[in-house]
Amino acid sequence: MPIAAGRIRTILRSMKRLSLSVLATLALAASHAVTAAPAPPPAKVEGFTYVKTVGDIAEYTLDSNGLSVLLMPEHSAPVLTFMVTYRVGSRNEVTGTTGATHLLEHLMFKGTEKFNRAKGTGVDQLLERTGALYNATTWFDRTNYYANLGSENLAMAVEVEADRMRNLLLLETDRQPEMTVVRNEFERGENSPFQALIKEIFQAGYVAFPYHHSTIGWRSDIEKVSIEKLREFYDTYYWPNNATVSVIGDFQAENALGLIKKFYGAISRSPKPIPQLYTEEPEQTGPRRVTVKRAGQLGVVAIGHKIPGATHVDYAPLTVLSAILTEGKNSRMYKALTDKNLTTGVQAFAGYNQYASLHITFAPLAPGATHDQVEKIALEEIEKLRQGGVTETEVKAAIAKHLADSAFQRDGSFAIAGNLNECIAVGDWATFYSLDERLKTVSPDDVKRVAQKYLSVAQSTTGWFIPTASGGAPAAAAPKPSRAEMAPRPDFYRDPELAPTPLDRLADPAVAGPGGPAASAAKMAPNVVRAKAAGLDVLIYKTGVKDVVTMRGSLPAGDAQRGEGNVAVPRLTGMLLDQGTTTQDKFAIAAKLESVGATIAFSVGPQMTEVNAKCLKKDVPLVLSLIAEQLRTPAFAEAEFEKAKKQLAGTIKRALESTDYRATDAFVRAAYPAGHPNHATSPEDMIAALETVKLADVKAFHGKAYGPAAFTFVAVGDLDAALIQADIGKAFAGWKGGVAVIVPAKPAASDAPRDQNVFMPDKTSVSVQLGQTTGLRYRDADYQALRVGTAILGSGFTGRLMANVRDKEGLTYGIGSGLTNDSFTDGDWKIQATFSPALLEKGIASTQRQLTSWYQAGVSADEVTRRKSNLIGTFKVGLATTDGMAGAILQTIQRGLEVKWLDEYPGQIEAITPEQVNGAIKKYLKPETMFLIKAGTVPGVAPTPK
């Protein structure tokens, strides 16, 4: 779907550290596979006025102060989300205070008299100890704070949020270091050409209304806003009658209301009326244009049009219009631009806001395409739609996609809460349901009407990003810009770990941590149905989610399997899987998926080609048949092959604009020897390979590498195991072949330079990586001990790196340590951080001090105990969604472990001793020989000669 709500990205971006306490009830599986309907909401509760119930959500008002409360009991998993939404955002700022709302959001974690770090009761300390996922975000219309945690911890979450609503300390000594943290967040955003262009479009599109300025604010305001101004914001807007509390998940309504009354009831209403906006944007009288020229690789054309707020009657047909224009292979823009090799993709952002926002169509140019050419065609397509309208088929497909997406977004309490938050922000939480109902009634005439009303040239703001330099030496190929990057950020997070996360990492215990205590009687493994079907290793797990099924599969057909062949072949093969089969073209396949709102995506990595699919229960047979058809009989048409080569070249070039990708590429090519699966192919070699690769090479690789021999397929959700096994057997019957995972010898010591600079002009933030290979695979005996020690150093706000380099010294927005690239081969250990060029030297020195202290003095028993408690809590939430469960099962098998490991893992963590942790650190790491990579505008480093 187009981003028909800033809603959608909130969920995916917010699931990095899927967390929670105790696995005692973890078997969400068996015990929650069939869920009883929640009890109806109580109509009379002392101290509350019952307002209404819409769908499964009941609304109450706390009589003593006007606090709005939304309750949605949902017992499919022993997890809940507690969230507070304040109706204040960057729209409430003026010149001099831009970014103040977001900076205040950061300071809300600095503590109150009762809850502060000095006493050991800080917000981070309490919540991380339980394993809770928690964060805060700011956007145009709202600020919100949330915790995703075990049901048993609801009282703690309510008490903490109620206390900091009115008792925040707000000290200048906290503002100073946090200001530099937020400034680095600002600098990170400025690194992206997309974000720079988006800011310019909003600034030109709005003259008077405060959507004009970015939520993060102007740099000078971030640096100079006073603590008095921040307190003024706090004292103006942080009151119960300007807030909504939402509780979603596994709880009893009476208990939740009792806790809310206990902790919020003593807070008074605001002493003055909450200020309301009255500024109106004047009518635009002609087209506007902006241009951003800076270092980069490929240009971008973006066309914005003003659209009404999300509660307006026209928002539903505009949502349909946006999908018809840009979503999927049958969209107008895809056929006119991407399929003609003029863009690397076309996407849309439809602002989901309380007031009139922007609909922006983004067209990143493919190599060789020009801005004039792409803009001309895009405007022609918009005008064709305005004059000729749309078909019934297009409208039905767009509606089906949106309705299916709505179902997917209700997969777990956190997903529900994230979407509900955006609906609260637009002024009517019931749009959580009502937008879907309005969409069902949209007709082709409605779409044509709103196209003519809103998509006129006179009401447009067009932006061009024009690259002015190469940005330095090429780097490894990387994914094309994500939808989140190609749209205004829906919010600005206090926690940098909650950035866009690939789906295959959402439930990775190396990221998320293990799940629950060994004493738990509830087990997952006995509830996983595992069988062979048509040669595939199939694992099926039924959960309590309604009507949603997630399917994940992988087979060894990645870069490592090419052998001595052309390095571009595996990527091109994967790209061609969804470009048509021998029996139907890509548009016919896309039409079938779009008609039911299902999705199928293929991706290629160092070792694996993976498929990720999601659909409604009724559509499982269709989706399975299409997965099998695309994997088994791709058309490999010459025309599509030529397009794929050009698209891959564009992807490589656009990757050069990211400091994070450049640092990662330099690190893996330095740390791993050539020929190792984790050693990335340089873009020079990849681009050269694209010049010589033949379609016959792709066909030969497909014939060799694709088959059921090592294919693992996982299905999770509302499904019947026997039926899905039969469907898989039918879809893949008779398929033969396949190859094994490549397991190389332990990599030899690298002789690459230990200190490397990748100079990139015009970058306001430098990405830094410091690390080494470990010689460890994920399943090795010492791995989890090193994992615990690594988390003590650099996981979350209580990790030593964040607590010191960020919180105390204010040198970075984000820093952390982790273990990666170790599922199939020996992996690596590294610290990742970002620093402004002016603070780079100081930031690296501070980082190395923490690393040295951690390495030499070791970790304490208390740190190990606390971190184990945190890690043992985190897996629970990860398994509360179909995505999380499917990812956890698939990665367990990929790592060569049995499913029962998911049940045994908590006990392994609990058994780890401080001696084991400190021993693993000393055994596998050598700080003095680690690689130090800096990518960006590194001070004192000259640009790489062309």
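None of the values given here were measured: they were computed from a predicted structure.

Scoring rules and cut-offs
- Residues numbered from 1 in each chain as written.
- Predicted model: local features only at pLDDT ≥ 70, side-chain atom pairs only at ≥ 80, totals over all residues.
- Heavy atoms only, no water.
- Helix = DSSP H or I, 4+ residues; strand = E, 2+ residues; numbered from the N terminus.
- Buried < 20%, exposed > 50% of the residue type's maximum accessible area, 1.4 Å probe, protein only.
- Contact = heavy atoms within 4.5 Å.
- Areas by Shrake-Rupley, 256 points an atom, 1.4 Å probe, with all protein chains shown as cover.
- Pairing = 2+ DSSP bridges.
- Axes fitted to C-alpha atoms, helices over the stretch in contact; angles between N-to-C directions.
- Parallel < 35°, antiparallel > 145°, perpendicular 65-115°, else oblique.
- Nonpolar A, V, L, I, M, F, W, Y, C, P; charged D, E, K, R; others polar.
- Salt bridge = Lys/Arg side-chain N within 4 Å of Asp/Glu carboxyl O.
- Phe/Tyr/Trp six-rings, centres within 6.5 Å; stacked < 30°, edge-to-face > 60°.
- Lys NZ or Arg CZ within 6 Å of the ring centre and 35° of its normal.
- Core = buried A, V, L, I, M, F, W, Y, C linked by side-chain atoms within 4.5 Å.
- Polar contact = N/O pair within 3.5 Å; in protein donor to acceptor, adjacent residues only side chain to side chain.
- pLDDT = per-residue confidence, 0-100.

Undergrad: I'm lost on the overall build of the protein in this one. Help?
TA: When its secondary structure is counted, the protein shows 33 helices and 24 strands. A buried classification covers 66% of the 946 residues belonging to the protein. Looking at the protein alone, contacts between residues at least 24 apart form 85% of all its contacts between residues at least 6 apart. Of the roughly 32,000 Å² of accessible surface on the protein, 55% is carried by carbon and sulfur atoms.

Undergrad: Could you clarify how one ought to interpret the pairing of strand β10 (residues 347-350) in this entry?
TA: Consecutive residues of a regular strand have side chains that alternate between opposite faces of the sheet. What you see with β10 is no split at all: Q347 and F349 on one side and A348 and A350 on the other are buried throughout. Direction of pairing for β10 relative to strand β11 (residues 357-364): antiparallel, over a ladder of four bridges. Bridge assignment links Q347 to a residue of β11, and that residue is F362.

Undergrad: Would you explain the sheet that holds strand β20 (residues 755-759) in this entry?
TA: Consider a sheet: its strands pair through backbone hydrogen bonds, and that pairing is either parallel or antiparallel. Strand order across the open sheet formed by five strands is β20-β24-β21-β23-β22, with mixed pairing between neighbours. Strands with a single pairing partner mark the edges of an open sheet, and in this sheet they are β20 and β22 (815-820). Neighbour to neighbour, the strand axes of the sheet diverge by 20° on average, direction disregarded.

Undergrad: What exactly am I supposed to notice about the packing of helix α11 (residues 315-326) against helix α14 (residues 392-408) here?
TA: Where α11 meets α14, the closest approach of the two axes is 9 Å, and the angle between their N-to-C directions is 105°. Relative to α14, the element α11 lies roughly perpendicular. Between α11, through T319, V320, A323 and I324, and α14, the contact on the second element is made entirely by E394, V395, A398, I399, K401 and H402. Per-class residue counts for the contact of α11 with α14 are six nonpolar, two polar and two charged.

Undergrad: Can you help me understand the sheet that holds strand β1 (residues 48-54) in this one?
TA: In space, the eight strands of this open sheet follow the order β1-β2-β3-β7-β4-β6-β5-β13, with mixed pairing throughout. Across the chains shown, the open sheet's two edge strands, defined by having one partner strand only, are β1 and β13 (492-493). This element, helix α5 (residues 154-166), spans β4 (79-86), β6 (143-150) and β7 (243-249) of the sheet and lies at about 10° to β4.

Undergrad: For this particular structure, what's the right way to read the pattern of salt bridges?
TA: Pairing between side chains of opposite charge can happen when their charged atoms approach one another. Applying the stated criterion across every chain, the model contains 48 salt bridges. Here E172 ties to R175 by a salt bridge, and the two come within 2.9 Å at their closest N and O atoms. Of the two residues, E172 and R175 both sit in helix α6 (residues 172-190), three residues apart, roughly one turn of that helix. R175 gets classed as buried once you look at its relative accessible area, which sits at 6%. Notably, a salt bridge pairs D755 with K934, separated by 3.3 Å at the nearest N-O pair. Of the two residues, D755 is situated in strand β20 and K934 in strand β24 (residues 931-936); the sequence distance between them amounts to 179 residues. A relative accessible area of 45% places D755 in the partly exposed class. Shared partners join several salt bridges into a network, and the residues in it are K110, R117, D124, E178, R806 and D807.

Undergrad: Help me understand the packing of α11 against helix α17 (residues 444-454) in this model?
TA: Each packed pair of helices is defined by two parameters, the angle between the axes and the distance between the axes. Contact geometry of α11 with α17 gives a least axis separation of 9 Å together with a crossing angle of 90°. It follows that α11 is roughly perpendicular to α17 by the angle criterion. For the pair α11 and α17, the contacting residues are P317, L318, V320 and L321 in the first and D446, V447, R449, V450, A451 and Y454 in the second. Residues that form the contact of α11 with α17 fall into these classes: eight nonpolar, no polar and two charged.

Undergrad: Honestly, the environment of H106 in this entry has me stumped. Any pointers?
TA: Structurally, H106 can be placed in helix α3 (residues 100-107). On the accessibility criterion, H106 (0% relative accessible area) is buried. Counting along the chain gives 388 residues from H106 to R494, while the straight-line C-alpha distance between them is 5.6 Å. Each residue touching H106, except ones within four places of it in the same chain, is listed here: E178, V181, V182, E185, Y493, R494, R806 and Y813.

Undergrad: It is not clear to me how the packing of aromatic side chains should be interpreted in this structure. Could you clarify?
TA: Aromatic rings considered in pairs are described by the distance between their centres and by the relative angle of their planes. A full pass over the atoms with the stated rule returns 30 aromatic pairs. Between F209 and Y355, the aromatic rings sit 5.1 Å apart at their centres with planes inclined by 55°, giving tilted as the arrangement. On the criterion of sequence distance, the pair formed by F209 in the loop between α7 (193-205) and α8 (219-224) and Y355 in the loop between β10 and β11 is long-range, its members being 146 residues apart. With a centroid separation of 5.9 Å and an interplanar angle of 40°, the aromatic rings of F233 and Y237 are classed as tilted. Taken together, the residues F233 and Y237, both in helix α9 (residues 227-237) and four residues apart, mark about one turn of the helix. Look at F233 and you get buried, because its relative accessible area is 9%. Through pairs of rings, three or more aromatic residues link up here, namely W139, F140, F202, Y206, F209, Y211 and Y355. In this arrangement the basic side chain of K922 is found over the ring face of Y855, its NZ or CZ atom lying 5.5 Å from the centre.

Undergrad: It is not clear to me how the nonpolar core should be interpreted in this structure. Could you clarify?
TA: Nonpolar side chains in soluble globular proteins generally cluster together in the buried interior. By size, the foremost hydrophobic cluster in this structure holds 144 residues, and its most contacted members are F82 and Y264. Every residue in contact with Y264, bar those within four places of it in the chain, is listed here: L62, N65, L67, F82, V84, V158, E161, A162, M165 and V245. In this structure, I324, M333, L439 and Y813 belong to the second largest nonpolar core, which totals 61 residues.

Undergrad: How should the environment of Y264 be read in this particular structure?
TA: Within the secondary structure layout, Y264 lies in helix α10 (residues 253-264). In this structure Y264 comes out as buried when scored by relative accessible area, which is 0%.

Undergrad: Which parts of the structure should I look at to understand the pairing of strand β8 (residues 288-294)?
TA: Along β8, the buried face is formed by R288, V290, V292 and R294; none of R289, T291 and K293, which line the opposite face, is buried. Taken together, the seven bridges between β8 and strand β12 (residues 460-467) define a ladder with parallel strand orientation. From the neighbouring strand, R288 faces β12, where its bridge partner is T461.

Undergrad: What exactly am I supposed to notice about the side chain of S322 here?
TA: For S322, the location among the structural elements is in helix α11. Within the structure, S322 has its side chain in polar contact with the side chain of H359 (distance 2.7 Å).

Undergrad: Honestly, the confidence of the model for the protein in this entry has me stumped. Any pointers?
TA: Interpretation of this model should avoid reading the predicted coordinates in detail wherever pLDDT is low. Predicted confidence across the protein gives a mean pLDDT of 88, with 90% of residues reaching 70 or more. Considering only residues more than four positions removed or in separate chains, one finds that residues 499-521, a stretch of pLDDT under 50, has 75 contacts.

Undergrad: I keep staring at the environment of Y778 and nothing clicks. Help me out?
TA: Assignment of secondary structure puts Y778 in the loop between β21 (766-773) and α27 (783-794). Taking relative accessible area as the criterion, Y778 reaches 2% and is therefore assigned buried. Distance from Y778 to T825, taken between C-alpha atoms, is 8.4 Å for residues 47 residues apart in sequence. Among the polar contacts made by the side chain of Y778, one reaches the side chain of Y905 at a distance of 3.5 Å.

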